[in-house]
Amino acid sequence: MVEGLLRELTPQVLGALVRRYGHFAIAEDAVQEALLAAAVQWPEEGLPDDPRAWLITVAARRLTDLLRAEQARRRREDDAAARTLPGDWLAPAADQPLAASDDTLVLLFMCCHPSLSPTSQIALTLRAVGGLSTAEIARAFLVPESTMTRRITRAKRAVRDSGLPFRLPRPDERAERLAAVLHVLYLIFNEGYAGTSGPDLQRAELAAEAIRLARTVHRLLPDDGEVAGLLALMLLTDARSPARTAPDGALIPMAEQDRSRWKADFIAEGVALVTAALPRGRPGPYQVQAAIAALHDEAPTAEETDWPQIAALYELLMRIADNPIVALNQAVAVAMARGPAAGLDLLERLLHDDRVSGDHRLSAVRGHLLEMSGDLAGARRAYEEAAGRAMSLPQQRYLNARAARLGDTPLTE
């Protein structure tokens, strides 16, 4: 209980300190010490009446100590004092109205600032807003902790050097900045749901963190259709996770999954979110992807999937966002709705697209459609090529198995 509460409060407390005092890196250190104190004291002494105010009080005191220790000369002390109003040096009263919503949202916008690279945006978001330790983030992305430490340090330095004010974006900046936030959460979820490398197909804790953060943004921006669409997409996709792997970790394609194992509560919530969001105006890409996921999840069996409707939605999605991975999925949907020849025609357009021509997914889809058309030799070659390009061990095993099933000689990994 305490751990979950602390994770929820982390971005609120950090956002409050950064807004009042600046000094992003030092504020984060102070918050981490306050969280440690809470983790030790609260289980023994009980929760304070206002846990957030308690954390802000402790963190603010620690931040002041850190600033004083670091600022040996009066000039630096004067500079730090000039950053804040006199009343801001005091922790807010327990009955003061909370500004947690704005603080958390501003912190997300700061972590996803366009001046940062996507990898830095992801790392900083998980560290500052998600409350994950550097070691946890490093494990999730399969890099040494020292590498992730440098990445996060550089991101903090870039935020500091940018002079970015701690405030919500101006109206003319809002759409672009929110799109960056949603894209980062989307990338975090995808890395958790279908890891691009490593021994495991899924990293459940990373997907769960992305969903938690998306819920936070949806709570803060309940009327934004794309925020609702992204949360719905995550829920509807993650609903299938219990049935995606066999006991030995092998990948199970959607058509062969035991749908009784899918998370019914996630499906119901995701369908409700996208159903409410779609009528609000022109749908964005996350809403359309969520609508496609809903059609998959609501089909009682793979054979009863409404492929013509899914193909139509992919056509709409291609008009909204020219994305080669969307084009791959469209080819599969068209093949299922109109036959493999139609899907293979669409794939021909991607063979010379540099964004996807070397991706294992293109060869895997081509193998699937060739197999559907009866060209087993061509399908085998495509699966072998896909397996050679895949970085994830479960995907390699699955593709090698598909290739081996189409030939007389078993393949070795």
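Residues numbered from 1 in each chain as written. Predicted model: local features only at pLDDT ≥ 70, side-chain atom pairs only at ≥ 80, totals over all residues. Heavy atoms only, no water.

Comments concerning the confidence of the model for the protein
When pLDDT is low, close inspection of the predicted coordinates is not appropriate. For the record, the criterion: The predictor reports its confidence for every residue as pLDDT, a score running from 0 up to 100. Two residues form a contact once any of their heavy atoms are found within 4.5 Å.
For the protein, per-residue confidence averages 83 on the pLDDT scale, and 88% of positions sit at 70 or higher. Every residue in residues 84-100 is under pLDDT 50, and counting partners more than four places away or in other chains gives 24 contacts. Taken as a whole, residues 409-413 scores under 50 in pLDDT and shows nine contacts with residues more than four places along the chain or in a different chain.

Overview of the side chain of His113
The condition that has to hold: Helix numbering and strand numbering both begin at the N terminus, where a helix is a DSSP run of H or I of at least 4 residues and a strand a DSSP run of E of at least 2.
Among the structural elements, His113 can be located in the loop between helix H5 (100-111) and helix H6 (118-129). When residues no more than four places from it in sequence are discounted, the contact partners of His113 are Gln121, Leu164 and Arg177.

Examining helix H2 (residues 24-45)
What counts, and what does not: How far a helix is expected to stretch is found by multiplying one less than its residue total by 1.5 Å. Each residue is assigned to one of three classes by its accessible area relative to the maximum for its type, calculated with a 1.4 Å probe on protein chains only: buried under 20%, partly exposed between the two thresholds, exposed over 50%.
Over its 22 residues, H2 runs 30 Å from end to end, which matches the ideal 32 Å to within 8%, given 1.5 Å per residue. Taken as a whole, H2 has its buried residues at Phe24, Ile26, Ala27, Glu28, Ala30, Val31, Ala34, Leu35, Ala37, Ala38 and Trp42. Looking one or two residues past H2, Gly46 carries a phi angle of roughly 90°, positive in sign.

So, the packing of aromatic side chains
By convention here, two paired aromatic rings are described through the distance between centres and the angle between planes. As a reminder of what qualifies: Pairing of aromatic rings covers Phe, Tyr and the six-membered ring of Trp, with a centre-to-centre limit of 6.5 Å; geometry is then stacked below 30 degrees between planes, edge-to-face above 60, and tilted otherwise.
Applying the stated rule across the entire model yields three aromatic pairs. Centroid distance Trp42 to Trp54: 5.3 Å. Interplanar angle 70°. Geometry classified as edge-to-face. On the criterion of sequence distance, the pair formed by Trp42 in helix H2 and Trp54 in helix H3 (residues 51-70) is long-range, its members being 12 residues apart. Residue classification places Trp54 among the partly exposed positions, given a relative accessible area of 22%. For the ring pair Phe189 and Tyr193, a centre distance of 5.7 Å and an interplane angle of 10° mean the geometry is stacked. Placement of the pair is Phe189 and Tyr193 together in helix H9 (residues 171-193), with a separation of four residues, close to one helical turn.

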